[in-house]
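Coordinates in review
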Amino acid sequence: MIFGKYGRVLGIVLAGGKGERLMPLTKYRAKPAVPFAAKYRIIDFALSNMVNSGLFSIYCLVQFKSQSLNEHIERGWQFGNALRGRDYFITAVPAQMWTGERWYEGTADAVFQNLHLITLFDADRICIFAADHIYKMDIEQMLQYHMDTKADVTIAANTVPASEAHAFGCMDTDPSGQVIKFVEKPKIPPQIPGKPGFSYVSMGNYIFERHVLEEAIIEDNKIETSSHDFGKDILPRIYNRCRVMAYDFKSNVLPGIDRPYWKDVGTIKAYHEAHMDLLQHPSDLTLYNPLWPIRTVSYSDPPGFTYPDKGQGCSVVGTLRAEGSRVLGAIVHRSVLSRNCVINAGAVLEECIVGQGVVIGENCKLRRVILDAYNVVPPNTVIGYNPEVDQKKYHVDPESGVVVLGMPKIQLRRNFG
Ligand code: ATP
């Protein structure tokens, strides 16, 4: 793609946020490195979309607690020798104080601090994408739309019911799709022309013409009151100065069995819901489309195993399982079992997300629990059946009621993230 009719296209993945709303899953790692769907990490979706679309020149701007994120990118996302070079790279870029002694202060500031990388790559246009969303999208189609409409900036737009749009950056568009207003989290969201009751919300994915990007973020850097954020500062300031187009995500067609699905998994509620969406069959979000694979690091784990231990029957239904997960005489319904976890005899799990290396003791009863990696749950533990008891002992997400057991102390864990 980068050598074709689109000119030189650079991918920038914004992966340097604090991820506070996803605590305690972000206590020891960056949000894009949070595990997802038994064997992936959240950033794998953004990176797979780029690579599947033929975009191979990617900088990931990283910052908070980025060790495991950096290692994941290094282990799983490198091109072989034959390809490695100026136009084929996926590189983690931490804040390096090029522009003063400060960290990335916002998404736009993160790009501002790396403007020299855009110059060195000699980019014509730049795809700036968030790292914390679960979705599948052919970026080449968005790029084609950007070129066809002669846009300066194109924003990927998801259609949601107007009643739900107030939580996002919202766009008002004319019938041609040109953005005539951009407001972050408005009380009364604008509706799509010809589609009453629905609004366009920004997915946090943008394509910029290089000169437009450079001018906008250099200007923004000089504004002291700015929070230096694309959604809050840059887009509301430029939509009436240059040609900003909304790209309808629902018009993006992937080969094979995929249907449009997008979710910002920045909160515990959304993170749990996205997993439950994945457990539907058929599901709008599928990991089984070989024509649009989600890629990740591969490990040499043993196969999964199910055994009717201690005379207890086994039942694993509607459940996603990674390599090395063992269910030994337990019942697991609508759950996610990550690599090398063990569910012991008599345990009953319902709508749980079980992290890598977790051990669930005998006769445990767990409902709607997220267990981060390496937790060991003693036999006979009951979680998720009595909110008052849970609140005294565990982290209960106030929005969804989901209980989260954060990762235990990290000192003894080699691959802690
Ligand atoms: P939270 O609001 O829960 O602390 P967050 O800091 O990640 O989360 P978001 O608005 O969810 O904020 O961030 C959207 C995307 O932009 C994420 O992929 C995040 O990693 C990235 N991002 C946020 N702030 C920065 C920054 N200062 N530098 C680089 N990337 C950032």
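What follows deals with the domain arrangement of the chain. Assigned domains within the chain: domain 1 (9–278) and domain 2 (305–405). The distance between the C-alpha centroids of domain 1 and domain 2 comes to 33 Å. With 15 residues of domain 1 at the interface, the matching set in domain 2 holds 21 residues. The contact between domain 1 and domain 2 buries some 1,500 Å² in all, and 69% of this surface belongs to carbon and sulfur atoms. The largest contributions to the domain 1 side of the interface with domain 2 come from Ala38, His272 and Met276, which together make up 38% of the buried area.

Read across the sheet, six strands follow the order S16-S19-S22-S25-S29-S28 without closing on themselves; strand pairing throughout is mixed. Each edge of the open sheet is held by one strand with a lone partner, namely strand S16 (320–321) and strand S28 (395–396). Relative to strand S29 (residues 403–405), strand S25 (residues 369–371) runs parallel, the two sharing three bridges. Bridge pairing in S29 links Ile370 to Val404.

What follows covers the nonpolar core. Counting 41 residues, the largest nonpolar core has Val111, Ile128, Phe208 and Phe230 as the members making the most contacts within it. Discounting residues that sit within four places of it in the chain, Phe208 has contacts with Arg125, Ile126, Ile128, Asp152, Val153, Leu213, Phe230, Ile234, Leu235 and Ile238. Ranked by size, the runner-up nonpolar core spans 35 residues in total, among them Val9, Val62, Ile90 and Phe129.

So, how was this worked out
Residues numbered from 1 in each chain as written. Predicted model: local features only at pLDDT ≥ 70, side-chain atom pairs only at ≥ 80, totals over all residues. Heavy atoms only, no water. Domains from an automatic or database assignment. Contact = heavy atoms within 4.5 Å. Buried area = accessible area lost by both parts, 1.4 Å probe. Pairing = 2+ DSSP bridges. Helix = DSSP H or I, 4+ residues; strand = E, 2+ residues; numbered from the N terminus. Core = buried A, V, L, I, M, F, W, Y, C linked by side-chain atoms within 4.5 Å. Buried < 20%, exposed > 50% of the residue type's maximum accessible area, 1.4 Å probe, protein only.

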